[in-house]
Amino acid sequence: MADHKAAARSLLTHPEPKLNQRSGQFCGGLMFSDDPLTEKQERWLSDLLRKHDLLPLANGGQA
């Protein structure tokens, strides 16, 4: 499993964030969770990474 915390961090610190409040809360919650992602969470995180032109979740979302 990829490091979802690194992926969430890359979204929260993106120079041109396109996150709405709900997406920001989701990423913030991931930063403090050690639980594995559900399928739905993994899809949402992957979609957010794609919208921000960041690498896929398999690479931790790091550019």
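One can find the structure itself at the top, above this paragraph.
Figured I'd write up the structure that's included with this text.

Rules of the game
- Residues numbered from 1 in each chain as written.
- Predicted model: local features only at pLDDT ≥ 70, side-chain atom pairs only at ≥ 80, totals over all residues.
- Heavy atoms only, no water.
- Salt bridge = Lys/Arg side-chain N within 4 Å of Asp/Glu carboxyl O.
- Helix = DSSP H or I, 4+ residues; strand = E, 2+ residues; numbered from the N terminus.
- Buried < 20%, exposed > 50% of the residue type's maximum accessible area, 1.4 Å probe, protein only.
- Core = buried A, V, L, I, M, F, W, Y, C linked by side-chain atoms within 4.5 Å.
- Contact = heavy atoms within 4.5 Å.
- Arc of directions from axis to C-beta.
- Polar contact = N/O pair within 3.5 Å; in protein donor to acceptor, adjacent residues only side chain to side chain.

1. Comments concerning the pattern of salt bridges
Right, on to step 1. Tallied over the entire structure, the rule returns three salt bridges.
Right, on to step 2. With a closest N to O distance of 2.7 Å, Lys5 and Asp34 form a salt bridge. Taken as a pair, Lys5 in helix 1 (residues 4–12) and Asp34 in the loop between helix 2 (21–31) and helix 3 (39–51) lie far apart in primary sequence, 29 residues in all.
Right, on to step 3. Classification of Lys5 by relative accessible area gives partly exposed; the value is 22%.

2. Looking at the nonpolar core
Right, on to step 1. One finds Ala7, Ala8, Leu11, Phe26, Cys27, Leu30, Leu37, Leu45, Leu48, Leu49 and Leu54 forming the largest nonpolar core, which totals eleven residues.
Right, on to step 2. If you list the elements that add at least two residues to this core, you get helix 1, helix 2 and helix 3.
Right, on to step 3. Residues within four places of Phe26 in sequence aside, it is in contact with Gln41, Trp44, Leu45 and Leu48.

3. So, helix 2
Right, on to step 1. By the burial criterion, the buried members of helix 2 are Ser23, Phe26, Cys27 and Leu30. Seen from one end, helix 2 has its buried residues packed into an arc of 95°, which puts them on one side. More than 90 degrees from the buried face of helix 2, the exposed residues found are Gln21 and Gln25.
Right, on to step 2. Contacts made by the buried residues of helix 2 are with helix 1 and helix 3.
Right, on to step 3. Between a side-chain oxygen at the N-terminus of helix 2 and the backbone nitrogen of Arg22 the separation is 3.2 Å; the capping residue is Asn20.

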